[in-house]
Amino acid sequence: MSEQTGSGGLNEYIQHHLHQNTIEVFGGAFHVDTWAVSLVLGLIFIGWFAFFARKATSGVPSKGQAFVELILEFIDGQVKDSFHGDRRSITPLALTIFVWVVMMNCMDLLPLDAPYTAIKLAAGAEVAHHTYFRWVPTADLNTTLAMSSVVFFLILGHSIKAKGGFGFGKELLTAPFHAHGIAPKIALAPANLGLNVIEYLVKPVSLAMRLFGNMYGGELVFMLIAGLLGGGLLMFVPGVIFNVAWALFHILIVLLQAFIFMILTVVYIAGAYESH
């Protein structure tokens, strides 16, 4: 960490850690590191819960089963409070979002320079210096936008399911400004459509930007603290203290942001079943 910081200064150190590992795909940049870490964490989540689901017993549960059941009961309770319809498909969705986002966020709590050190030990300092790897998927806007886009289409799907295609289209043109008579309804239709489009688009954008902003900011703070650790013996002890203090505080952010993303998703889907 100190070697990497000292060789090019704090600014170069931060720039290096902000670079994604990318490949060119169809003329665009595909973030391999974000995709790989997200996929691995998703598979771990599936394997973890599937294992304890198969081993579940009605008797005295193991500690692992009890922990999984605690998470599931917590999520189901939150969904029950926010969504008053059939939640058989909503609770698994909320569980997946919460646990997966927590796992991706928790990557921010791992040592910042672990990928650099591993590559350096395996292939040398020169290769490590030219190899980029960011392992906090939620600090990548592509991840949060992709997740919120899925939520957006889920909202549309549930809206059409609840109101029918005709009913949903009618609501887009006749609410929130209601009118009596054909002429007033036609006159207000553009305004209603515009407001509804904005309302639907704001939801995924706000979801994506909130999660991304918090995790990106937290990642930057860890990089700045790592710069203190590389500033010599005088700054080493303050750097360690700041790093531990921020990590403890960041645990709250990691959990809170996952919870917010999950609960807002459920609230938005619940809102799809309501009429203006």
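Rules of the game
- Residues numbered from 1 in each chain as written.
- Predicted model: local features only at pLDDT ≥ 70, side-chain atom pairs only at ≥ 80, totals over all residues.
- Heavy atoms only, no water.
- UniProt positions renumbered as here; feature names shortened; annotations may be inferred.
- Helix = DSSP H or I, 4+ residues; strand = E, 2+ residues; numbered from the N terminus.
- Pairing = 2+ DSSP bridges.
- Phe/Tyr/Trp six-rings, centres within 6.5 Å; stacked < 30°, edge-to-face > 60°.
- Buried < 20%, exposed > 50% of the residue type's maximum accessible area, 1.4 Å probe, protein only.
- Lys NZ or Arg CZ within 6 Å of the ring centre and 35° of its normal.
- Core = buried A, V, L, I, M, F, W, Y, C linked by side-chain atoms within 4.5 Å.
- Contact = heavy atoms within 4.5 Å.

### A look at the UniProt feature "transmembrane region" (unreviewed entry) in the chain
- The feature "transmembrane region" (unreviewed entry), as annotated in UniProt, sits at residues 35–53, 90–112, 132–156, 220–241 and 247–270 in this numbering.
- Helix makes up 64% of residues 132–156 and strand 0%, whereas the separation of the span's terminal C-alpha atoms amounts to 38 Å.

### Some details on the pairing of strand β1 (residues 22–25)
- Relative to strand β2 (residues 28–31), β1 runs antiparallel, the two sharing 4 bridges. Among the inter-strand pairings, T22 is bridged to a residue of β2, identified as H31.
- In sequence, β1 turns back onto β2 through a hairpin of 2 residues, with F26 there showing a positive phi of about 55 degrees.

### Observations concerning the packing of aromatic side chains
- With the rule as written, the count across this model stands at 13 aromatic pairs.
- Between F152 and F153 the ring centres are 5.4 Å apart and the planes differ by 70 degrees, which places this aromatic pair in the edge-to-face class.
- The exposure class of F152 is buried, given its relative accessible area of 16%.
- An angle of 70 degrees between the planes, with centres 6.4 Å apart, marks the rings of F222 and W246 as edge-to-face. You can see F222 sitting in helix α8 (residues 182–229) and its partner W246 sitting in helix α9 (residues 233–271), a full 24 residues away along the chain.
- Owing to a relative accessible area of 8%, F222 belongs among the buried residues under this scheme.
- A relative accessible area of 19% places W246 in the buried class.
- Site record: aromatic cluster; members linked through ring pairs are F45, W48, F49 and F67.
- Geometry around Y200 places K203 over its ring, the cationic atom sitting 5.3 Å from the centre.

### Considering the nonpolar core
- Ranked by size, the top nonpolar core spans 45 residues in total, and within it I75, V99 and M262 carry the most contacts.
- Mapped onto this core, the elements with two or more residues apiece are α2 (32–54), α3 (63–82), α4 (90–106), α7 (141–174), α8 and α9.
- Beyond its immediate sequence surroundings of up to four residues, I75 is in contact with T91, A94, L95, F98 and M262.
- Core analysis: the second largest hydrophobic core is formed by 6 residues, I14, L18, L112 and M223 among them.

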